[in-house]
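Chain residues, written in single-letter form:
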Amino acid sequence: MPAVEVKGVRKAYALNGRVVPVLDSVSFSVGPGEFVAILGPSGCGKSTLLNLIAGLEEPSAGTIAIQGAVPRKRTGLCAYMHQKDLLLPWRTVLDNAILPLEVQGVPRKAARERALALMDVFGLRGFEHAYPFTLSGGMRQRAAFLRTVLAGKSIVLLDEPFGALDALTRASLQDWLASLWEALRLTVLLVTHDVEEALFLADRVLVLTPRPARVRGVVPVSLPRPRQREMVTSPPFVRLKAEVFQMLTGTQVAQEAPP
Amino acid sequence: MTRWVKERLNEWWPPLALMAGALALWEGLAHALAIPRWLLPPPSAIVRELVARGDLLARHSWVTLQEVLAGFAVAFTVGVACGVAIAQWRVVERGFYPLVVASQTIPIIAIAPLLLIWVGYDIRMKVIVVALICFFPITVNLVDGLRSVDPDLVNLLRTMGAGRWKVFLMVSLPWALPYLFSGAKVAAAVSVIGAVIGEWVGASAGLGWLMTQAVPRFQTPLVFASLVALGVMGIALFQATALVERLLLPWHYTMKRQEALKWTSL
């Protein structure tokens, strides 16, 4: 039974009376414990796809099954993380992390204990009681990751979680996420427009067309785990990169996707 | 000298110096030009009046302060309730909010005599006038704050399975609190105006009433002494609201201070 199964999903918006199709019959499935990256040109509707799975919006047509069922209300079933850290400025790192547990009705004290036990893994030891605005971008994003993991969902939706970070911080957080995922083995759906990031982290890469998005192809990433940073320059990685670029742009040469 | 005192001094010396200069000039001109005291008393005469009529001023200040505090409390309660309702329900926003804004174009001084007819001379009339003046900044700022919540933050809470009121309590309301306090500070500063207007229209005590008694008798120093008492009251109310804000929203206060720490070029 797949963890997430998207079948014939279409989504269109009305803009000034004009119908703008964003997703054009998207179908794919994600197995339990699988890491799938959704790759597509900017503005192709990949975030919309993630919002649909998270239950923030409803598809115009098609179905989305979570753990084999098509629920009436999908919110609260998957953990979701945005490009922005979305930490509440009035809460400390610790109290931000326990937010999903509080929503679920877990008493504060018990929730805090669970969060404190994970501070080392998330590199936040010593900053439990710091306010978000005193932290660096990388630390804030790690705090957002901790909050996402503490939601306790087996399916995690990541919407360009490294998009707002500088290249060095991004690379170190990718390394960290790869090892974290190898330890936790959650089902992850990662939306990104960074080919290297998708290949470095995922088991499979789903390539979307420009808007309205369809699935252009799926690239299995047969790189060994644990993933190492050096792999990104290895011949198999570079071959995969060329294959994905070709799929993204429809040409042999890597170039910018049309707007 | 502690760091706190140093920082306060650093912050306060420019307005204090400016005021001292202005008062000295006023004092000097009043004597040099021999301006009669009923026309414009020098600052020294006002200070003497404050000391000599201290009991009288304190008694009437207490009356005014009660009106201001009660009016502010009413405005805060009603304002928060209205702000929440406007932000939470489209119907209320569309039907009620334009009326709230329109109500502000009616001068309070024109409504006060009507209130005199409807509720009479007692404290209730003054409380209503104060509340009418304080209500608007509190409501409008709270509505602005509740509307400015990051929609991505609301969506994040929704993905966690939070319902509408959980989102409101955990995100929207804390987000809007700094805005609410901005409104409350404005309200605190103008609340005194409401009490004075109410007392001018119909009262038998209070600083505003005291001024209406002193003016026809050309007791100008007493008018100025009442003004000083009103000013002190307004500033104290503003500072008290700011203090509550700082105690309730320590994160907001430190964040603002953090931003204020700028590198200085040497």
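What you are looking at is a predicted structure, and each value in this text was computed from that prediction instead of being measured. (Residues numbered from 1 in each chain as written. Chains lettered and ligands numbered in written order. Predicted model: local features only at pLDDT ≥ 70, side-chain atom pairs only at ≥ 80, totals over all residues. Heavy atoms only, no water.)

Asks: What is the right way to look at the overall build of chain B in this model?
Replies: In terms of helices and strands, chain B carries 11 helices and zero strands. Helices (α) and strands (β) of chain B occur, in sequence order from the N terminus, as α-α-α-α-α-α-α-α-α-α-α. With the C-alpha coordinates of chain B rotated into their principal frame, the extents come out at 75 × 65 × 30 Å. In chain B, which comprises 266 residues, the share counted as buried stands at 40%. (Helix = DSSP H or I, 4+ residues; strand = E, 2+ residues; numbered from the N terminus. Buried < 20%, exposed > 50% of the residue type's maximum accessible area, 1.4 Å probe, protein only.)

Asks: Can you walk me through the confidence of the model for chain B in this structure?
Replies: One rule of thumb: low pLDDT means the predicted coordinates there are not for detailed reading. All names here are of chain B. Looking at chain B as a whole, its pLDDT mean stands at 91, while 96% of the residues score no less than 70. Model confidence for chain B, summarised as mean pLDDT per element, is weakest for helix α11 (residues 250-260) at 74 and strongest for helix α3 (residues 54-88) at 96. What the predictor reports for the complex is a pTM of 0.85 with an ipTM of 0.89. (pLDDT = per-residue confidence, 0-100.)

Asks: How do you make sense of the pattern of salt bridges when you look at a structure like this?
Replies: Where charged atoms from two side chains of opposite charge approach closely, those side chains can pair. Summed over the entire model, instances satisfying the criterion amount to 26 salt bridges over all chains. Note that Lys-241 of chain A is salt-bridged to Glu-196 of chain A, the shortest N-O span being 3.0 Å. Highlighted residues: Lys-241 of chain A in helix α8 (residues 235-249) and Glu-196 of chain A in helix α7 (residues 195-201), separated in sequence by 45 residues. With a relative accessible area of 24%, Lys-241 of chain A lands in the partly exposed category. Exposure remark for Glu-196 of chain A: the relative accessible area of 27% places this residue in the partly exposed category. Each of Arg-3, Glu-7, Arg-8 and Glu-11 of chain B takes part in a single network of salt bridges with overlapping partners. (Salt bridge = Lys/Arg side-chain N within 4 Å of Asp/Glu carboxyl O.)

Asks: How should I be thinking about the interface of chain B and chain A in this particular structure?
Replies: Think of interface size as the accessible area that goes away when the parts come together; that is how it is often given. Across the boundary between the two partners, chain B contributes 21 residues, which contact 21 residues of chain A. Summed over the shared surface of chain B and chain A, the result is two salt bridges. Residue Asp-150 of chain B is joined to Lys-84 of chain A by a salt bridge in which the shortest nitrogen-to-oxygen separation is 3.0 Å. One can count five residue pairs in polar contact (both at pLDDT 80 or more) joining chain B with chain A. Of all the secondary-structure elements, those providing two or more residues to the side of chain B that touches chain A are α7 (151-159), α8 (164-201) and α11 of chain B. With seven residues, α7 of chain B is the largest single contributor of residues to the side of chain B that touches chain A. Residue composition of the side of chain B that touches chain A, by class: 12 nonpolar, five polar and four charged. (Contact = heavy atoms within 4.5 Å. Polar contact = N/O pair within 3.5 Å; in protein donor to acceptor, adjacent residues only side chain to side chain. Nonpolar A, V, L, I, M, F, W, Y, C, P; charged D, E, K, R; others polar.)

Asks: Is there a simple way to think about α7 of chain B in this case?
Replies: Residues and elements named next belong to chain B. Of the residues making up α7, those classed as buried are Leu-153, Leu-156, Leu-157 and Thr-159. End-on, the buried residues of α7 take up no more than an arc of 160°, which puts them together on one face. Gly-161 sits one or two positions beyond α7 and adopts a positive phi of about 95°. (Arc of directions from axis to C-beta.)

Asks: Whenever I open this one, unusual backbone geometry confuses me. Can you help?
Replies: As a rule of thumb, non-glycine residues mostly have phi less than zero, and peptide bonds are mostly trans rather than cis. Cis rather than trans, the peptide bond between Arg-211 of chain A and Pro-212 of chain A has omega equal to -5°. Within the fold, Pro-212 of chain A resides in the loop between β8 (204-208) and β9 (215-220). Its identity as a non-glycine residue notwithstanding, Phe-218 of chain B has a phi of 55°, on the positive side. Here Phe-218 of chain B is to be found in the loop between α9 (207-214) and α10 (220-248). For Phe-218 of chain B, a relative accessible area of 54% puts it in the exposed group.

Asks: Can you walk me through the sheet that holds strand β3 (residues 35-39) of chain A in this structure?
Replies: Sheets are built from strands that pair by backbone hydrogen bonding, the pairs being arranged parallel or antiparallel. All names here are of chain A. One open sheet holds the six strands; their spatial order is β5-β6-β7-β3-β8-β9, and the pairing between them is mixed. Only two strands of the sheet have a single partner each, and these edge strands are β5 (79-81) and β9. For this sheet, the mean inter-axis angle between neighbouring strands, taken without regard to orientation, is 15°. As defined by bridge partners, β8 adjoins β9 across five bridges and the pair is classed as antiparallel. Counted as the bridge partner of Val-207 is Gly-217 from β9. (Pairing = 2+ DSSP bridges. Axes fitted to C-alpha atoms, helices over the stretch in contact; angles between N-to-C directions.)

Asks: It is not clear to me how the layout of surface pockets should be interpreted in this structure. Could you clarify?
Replies: Regions of empty space are outlined by a rolling probe, equal in size to a water molecule, passed over the atoms. All names here are of chain B. Estimated volume of the largest pocket: approximately 440 Å³. What lines the largest pocket is a set of 16 residues, and nearest its centre among them are Arg-8, Glu-11, Gln-239, Ala-242 and Arg-246. When contributions to the lining of the largest pocket are tallied by element, the ones reaching two or more residues are α1 (3-32), α10 and α11. Ranked by the residues each element gives to the lining of the largest pocket, the list is headed by α10, at seven residues. Class assignment for the residues of the lining of the largest pocket results in eight nonpolar, two polar and six charged. Along the walls of the second largest pocket sit 15 residues, with Met-19, Val-228, Gly-231, Val-232 and Ile-235 positioned nearest its centre. Looking at the lining of the second largest pocket, the element that brings in the most residues is α1, giving six residues. The residue inventory of the lining of the second largest pocket, partitioned by class, reads 14 nonpolar, one polar and no charged. (1 Å grid on protein atoms, 1.4 Å probe; cavity = no way out; pocket = protein on both sides within 12 Å on 5 of 7 lines; lining within 4 Å. Points joined across faces, edges and corners; volume = space filled by probe spheres on them.)

Asks: Just checking my understanding: could you explain the sheet that holds strand β1 (residues 4-15) of chain A for this structure?
Replies: All names here are of chain A. Spatial ordering of the open sheet is given by β2-β1-β4, a layout of three strands whose pairing is antiparallel. In this open sheet, the two strands that pair with only one neighbour each are β2 (18-30) and β4 (61-66). Averaged over neighbouring strand pairs, the angle between their axes works out to 25° when direction is ignored. Inspection of the sheet shows β1 paired to β4 by five bridges, in the antiparallel sense. Bridged to Glu-5 within β4 is Ala-65. Together, β1, β2 and β4 form the strand contacts of helix α1 (residues 46-54), whose direction differs from that of β2 by roughly 65°.

Asks: Explain the nonpolar core here, please?
Replies: Taken as a class, soluble globular proteins show a tendency for nonpolar side chains to be buried jointly. One finds Leu-177 and Val-205 of chain A to be the most contacted residues of the largest nonpolar core, which totals 56 residues. With sequence-adjacent residues up to four places away left out, Val-205 of chain A is seen in contact with Ala-37, Leu-39, Ala-198, Leu-199, Gly-217, Val-218, Val-219 and Val-221 of chain A. Residues Ala-3, Cys-78 and Tyr-80 of chain A together with Met-160 of chain B belong to the second largest nonpolar core, which totals 46 residues. (Core = buried A, V, L, I, M, F, W, Y, C linked by side-chain atoms within 4.5 Å.)

Asks: What is the right way to look at the environment of Ile-155 of chain A in this model?
Replies: Residues and elements named next belong to chain A. Checked against the element boundaries, Ile-155 lands in strand β6 (residues 155-159). As a C-alpha pair, Ile-155 and Thr-134 span 21 residues in sequence and 30 Å in three-dimensional space. Those residues in contact with Ile-155 that lie beyond four places of it in its chain are Ala-3, Val-4, Ile-66, Gln-67, Cys-78, Ala-79 and Thr-187.

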